[in-house]
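In case you want the letters, here they are:
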Amino acid sequence: MQVSMPCVLFAASPSELRLKGGTNAEMAPQIDYTAMVFKPIVEKFGFKFNCDIKMRGYYPKGGGEVIVRMSPVKQLNPINLTDRGSVTKIYGRAFVAGVLPFKVAKDMAAAAVRCIRKEIRDLYVNIQPVQEPKDQAFGNGNGIIIIAETSTGCLFAGSSLGKRGVNADKVGIEAAEMLLANLRHGGAVDEYLQDQLIIFMALACGVSRIKTGPVTLHTQTAIHFAEQLAKAKFSVKKSEDEEDASKDTYIIECQGIGMTNPYL
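About the cut-offs
- Residues numbered from 1 in each chain as written.
- Predicted model: local features only at pLDDT ≥ 70, side-chain atom pairs only at ≥ 80, totals over all residues.
- Heavy atoms only, no water.
- Axes fitted to C-alpha atoms, helices over the stretch in contact; angles between N-to-C directions.
- Helix = DSSP H or I, 4+ residues; strand = E, 2+ residues; numbered from the N terminus.
- Left-handed = near helix turned anticlockwise from the far one by under 90°.
- Contact = heavy atoms within 4.5 Å.
- Nonpolar A, V, L, I, M, F, W, Y, C, P; charged D, E, K, R; others polar.
- Salt bridge = Lys/Arg side-chain N within 4 Å of Asp/Glu carboxyl O.
- Buried < 20%, exposed > 50% of the residue type's maximum accessible area, 1.4 Å probe, protein only.
- Expected span 1.5 Å × (residues − 1).
- Arc of directions from axis to C-beta.
- UniProt positions renumbered as here; feature names shortened; annotations may be inferred.
- Phe/Tyr/Trp six-rings, centres within 6.5 Å; stacked < 30°, edge-to-face > 60°.
- Lys NZ or Arg CZ within 6 Å of the ring centre and 35° of its normal.
- Pairing = 2+ DSSP bridges.

Before going further, it helps to examine the packing of helix α3 (residues 102–119) against helix α4 (residues 168–184). With their axes 7 Å apart at the nearest point, α3 and α4 run at an angle of 35° to one another. The way α3 lies across α4 gives a crossing that is right-handed. Across from V104, D107, M108, A111, A112, R114, C115, I116 and E119 in α3, the residues of α4 making contact are A168, D169, V171, G172, I173, A176, E177, L179, L180 and R184. Looking at side-chain class alone, the contact of α3 with α4 contains 12 nonpolar, one polar and six charged residues.

Structural data, given as structure tokens:
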């Protein structure tokens, strides 16, 4: 999905991608992250896409199916994500699918809420336990995603997946701790969104800036190849804002190449 999106944006006509496999699996963003964090932020580049989750699939069986629909654009707009604002909402979903008991979803949610409460006391944390419908999930799985939304529309997430032999509390706490870590660094995007925005920054028309926590190896790699392939220019500098002085916060800036769609 990530690989195809920049391509179909510059196609001659609207596209429908039918993607099959695991929707909630290790070593990749869960589809909920794509729908709830990646989508609203990447749409700031000036396009819309629709992500329809037909069937959820889990390791090792896969079997999931997602349909992505999008129309081409003439050009991408640059983005500026440097003002984090303050956290205004925390919400999420803890799911079980297949043979796993609903109690597992409730336990993951409750443990995550307790963990967040220790650090953020003044916000209601709304994590819904969900039993995935039988006809919308293939195989067995459990996991959780928690999202923090800020006053300026920034989104941060923490997520985790259950594995055989790992108790539900631990899964919930792992997601909560990931979210809290992403709220501490002062950036305006979380560590997993950083690298997913690089290709769009490279193709956009104008200067894009994002404020991040520590720059991940994924992001460094994405920058390297975007510079090689698209001939865009990136700079990564320590943030000079006073409030970031004590934090590991960076500004990634890119002079985009202003790719234009030859078909439009």
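This paragraph deals with the pattern of salt bridges. Summed over the entire model, instances satisfying the criterion amount to 18 salt bridges. A salt bridge links E16 to R69; the shortest N-O distance between them is 3.1 Å. Residue E16 is located in strand β1 (residues 15–21), and its partner R69 is located in strand β3 (residues 64–70); the two are separated by 53 residues in the primary sequence. We classify E16 as partly exposed; its relative accessible area is 44%.

This paragraph deals with helix α6 (residues 217–230). Spanning 14 residues, α6 covers 19 Å between terminal C-alpha atoms, matching the ideal 20 Å at 1.5 Å per step. Residues of α6 that are buried: T219, I223, A226 and A230. When α6 is viewed along its axis, its buried side chains cluster within an angular range of 75° and face the same direction. Turned more than 90 degrees off the buried face of α6, the exposed positions are L217 and L229. Elements that come into contact with the buried residues of α6 comprise α5 (194–203), β11 (233–238) and β12 (250–255). Backbone geometry just after α6 places K231 at a positive phi near 65°.

When the UniProt feature table is mapped onto this chain, "domain: RNA 3'-terminal phosphate cyclase insert" (unreviewed entry) is found at residues 82–183. This span, residues 82–183, is 33% helix and 36% strand, and a straight line between its end C-alpha atoms measures 14 Å.

So, about the environment of G46. Along the chain, the position of G46 falls in the loop between α2 (31–42) and β2 (49–57). On the accessibility criterion, G46 (39% relative accessible area) is partly exposed. C-alpha of G46 to C-alpha of A35: the two residues are 11 residues apart in sequence and 17 Å apart in space. Those residues in contact with G46 that sit more than four places away from it in its chain are V73 and N77.

Here the focus is unusual backbone geometry. Of note, the bond from Y59 into P60 is cis; its omega dihedral lies within 30 degrees of zero at 0°. With respect to the element layout, P60 can be found in the loop between β2 and β3. A positive phi is found at M27, a non-glycine position, where the angle reads about 65°. Among the structural elements, M27 can be located in the loop between β1 and α2.

A few words now on the packing of aromatic side chains. Counted under the stated rule, the structure contains six aromatic pairs. Ring geometry for Y58 against F95: centres 5.8 Å apart, planes inclined by 25°, an arrangement best described as stacked. One end of the pair, Y58, is in the loop between β2 and β3; the other, F95, is in strand β5 (residues 87–97), with 37 residues separating them in the sequence. Assigned by exposure class, Y58 and F95 land together as buried. The ring of F49 carries the charged tip of K39 above its face, separated from the ring centre by 5.6 Å. The positively charged end of K238 is found above the aromatic ring belonging to Y250, 5.4 Å away from the centroid.

A word on the sheet that holds strand β4 (residues 80–81). Strands pair in a sheet through their backbones, by hydrogen bonds, and they do so in one of two ways: parallel or antiparallel. Ordered by their spatial adjacency, four strands build an open sheet running β4-β10-β12-β11, and the pairing between neighbours is mixed. Every other strand in the sheet has two partners, leaving β4 and β11 as the edge strands with one partner each. Sheet analysis places β11 next to β12, joined by six bridges and oriented antiparallel. Each residue of the ladder has a partner; that of V236, found in β12, is I252.

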